[in-house]
Amino acid sequence: MFKRSIMFAVILLVISILTFASTTVELWSWRTQDAEVWEKVEKRLKEEGKDIEIDFRAFMPTEYDAKVQLALQGGKGPDLMYTRRLPSSSVEGMINAELLKSLNGLVDFKDFNDSILKSVTYEGKKYGVPFAVQVVGIFYNEEIFNSLGIKEPKTWDELLQISEKIKSSGIDPFFVPGKEAWALTMQHAMCGVSVLGPDFIKALENGETDFLDPKWVDLNTRLLELKKYYQNGFVGNDTNDMNAAFAFGQAAMTFYGIWGVQMWRELNPDLKVGYFMVPPLTASEESYSYVYMDGAIGLTSNADQRDAAIEVLKFAATPEFGSIFSGVTLNIPAVSNAVMPDDPILNEANEAAGHASPYIYWVGSVFTTGSPSLYGDVLSPGMQELNAEKITPLEFAQKAQNALSQWFVPLRKRLGLE
């Protein structure tokens, strides 16, 4: 009888341990800067009585997609993962391979607007909880501008004039991470929305013009000519070099996104950062920002802790998560009704988001929905080749024409290919 009592007590103890032991949800990302976000989320969930631990793991952005896809295809990988925005051939491929699960009926998306939800919707189903809206443009060191009496330029020529003045003072006007193709591609895209303008990009999208249009070639020419204002050896520098150089005033400006501010301030809390949209060619034209939904958090088909992972996703779909996310990263949260920090640079970026170009050709554009992609297969290698002067601005345009004419129907019709 005594032995039975002991055995019964042991069983109760085991049940108690299993019941109250925390569940660990593994989350993979390409954003190292989000680690603190998930520490705060884990704490908040525990305050709600959900004993969930979040094992957040960040990988190099250039390695992330291949690493997560390989793991999932092998039956392993995380419970949750950061996914790219749709349309995307890689995300669609994961969905079709049943590596990502639909969140329909599992998560309440009432706090997201329709335009944001389009970036996570495929064939009527939602495959992620959006986490951030990104704004890209030119960020600058306010102290350098003030010391030289420089104001934000209103035209492309004024941008060149202030660059010349900064260079004459002995400071690099721009720090460009030329080693990283995506950063150069982003630069091309953010300049394009203002220099080309949305009407031109709309015409390109509709097949009313093409990549050999003199305006497209002219943009390539201007970007090539701009490199005389970059730091020496820029083709060998990466974003880590850029973060350090910009944070400590070794360069006055950089083509980047709002996500960089967090890192710059960690390196130099005294840094004063300003922002402006790439200026247009003339004062009569408007400047535009390039705005896109950065990514989402998706549920993998290999999730060992599915129920706990869904609880994390439910919280990620709330304004409270958006407030935590924005407070840590200084990014604009994707979820509506979140509270953002009253920070000058974040306010500037948020205001610029209201001047976003309605037509774009980089992240989230129709030009990336097929293969070869304008982003990964043309602009990424092309910008590096252009800066290395291995191709001319016209040859760069011809590469875009040749690639997109293989599948982009409006262009094919314009060229009489179908």
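Before any of the text, the structure's been laid out above.
Worth saying up front: this structure is predicted, and the values here are computed from it rather than measured.

The rules behind these values
- Residues numbered from 1 in each chain as written.
- Predicted model: local features only at pLDDT ≥ 70, side-chain atom pairs only at ≥ 80, totals over all residues.
- Heavy atoms only, no water.
- Phe/Tyr/Trp six-rings, centres within 6.5 Å; stacked < 30°, edge-to-face > 60°.
- Helix = DSSP H or I, 4+ residues; strand = E, 2+ residues; numbered from the N terminus.
- Buried < 20%, exposed > 50% of the residue type's maximum accessible area, 1.4 Å probe, protein only.
- Lys NZ or Arg CZ within 6 Å of the ring centre and 35° of its normal.
- Pairing = 2+ DSSP bridges.
- 1 Å grid on protein atoms, 1.4 Å probe; cavity = no way out; pocket = protein on both sides within 12 Å on 5 of 7 lines; lining within 4 Å.
- Points joined across faces, edges and corners; volume = space filled by probe spheres on them.
- Nonpolar A, V, L, I, M, F, W, Y, C, P; charged D, E, K, R; others polar.
- Salt bridge = Lys/Arg side-chain N within 4 Å of Asp/Glu carboxyl O.

Following the criterion strictly, the structure yields 32 aromatic pairs and no others. Between Phe 139 and Trp 264, the aromatic rings sit 5.6 Å apart at their centres with planes inclined by 65°, giving edge-to-face as the arrangement. Remark: Trp 264 occurs in helix H12 (residues 260-267) and Phe 139 occurs in strand S7 (residues 129-141); sequence separation between them is 125 residues. Since its relative accessible area comes to 0%, Trp 264 is described here as buried. On the basis of an interplanar angle of 75° and a centroid distance of 5.7 Å, the ring pair of Trp 407 and Phe 408 is categorised as edge-to-face. By the burial criterion, Trp 407 is buried, and Phe 408 matches it. Over the ring of Trp 30 we find Arg 84, and its NZ or CZ is 3.9 Å from the ring centre. Across the ring face of Phe 109, the terminal group of Lys 126 is positioned such that the distance to the ring centre comes to 5.7 Å.

So, on to the pairing of strand S11 (residues 290-300). For S11, the tally of buried residues reaches 11 of 11 residues, placing the bulk of the element in the interior. Two elements, strand S3 (residues 80-83) and S11, share 4 bridges in a ladder whose sense is antiparallel. Of the residues in S11, the one forming a bridge with Leu 80 is Leu 299. Sheet topology places S7 next to S11; 7 bridges connect them, and they run antiparallel. Residue pairing for S11: Val 135 is matched across the bridge by Val 291.

This part covers the layout of surface pockets. In this approach a probe as big as a water molecule rolls over the atoms, and the regions it shows empty are the leftover space. As a volume, the largest pocket reaches approximately 1400 Å³. As for the largest pocket, its lining consists of 42 residues, of which Trp 30, Pro 61, Thr 62, Arg 84 and Trp 182 are closest to the centre. Broken down by secondary-structure element, the contributors of at least two residues to the lining of the largest pocket are helix H3 (61-73), helix H4 (89-96), helix H8 (181-195), helix H11 (239-247), H12, S11 and helix H16 (374-387). Broken down by class, the residue content of the lining of the largest pocket amounts to 14 nonpolar, 19 polar and 9 charged. Of the pockets and cavities examined, the second largest pocket occupies roughly 620 Å³. Forming the boundary of the second largest pocket are 25 residues, of which Ser 115, Ser 119, Val 291, Met 293 and Ile 360 lie nearest the centre.

Here we take up the pattern of salt bridges. The full count for this structure, using the stated rule, is 21 salt bridges. Linking Arg 31 and Asp 34 is a salt bridge whose minimum nitrogen-to-oxygen distance equals 2.7 Å. Classification of Asp 34 by relative accessible area gives buried; the value is 0%. The shortest N-O distance in the salt bridge between Lys 314 and Glu 311 comes to 3.7 Å. Placement of both Lys 314 and Glu 311 in helix H13 (residues 306-316) is noted, with a separation of 3 residues, approximately one turn of the helix.

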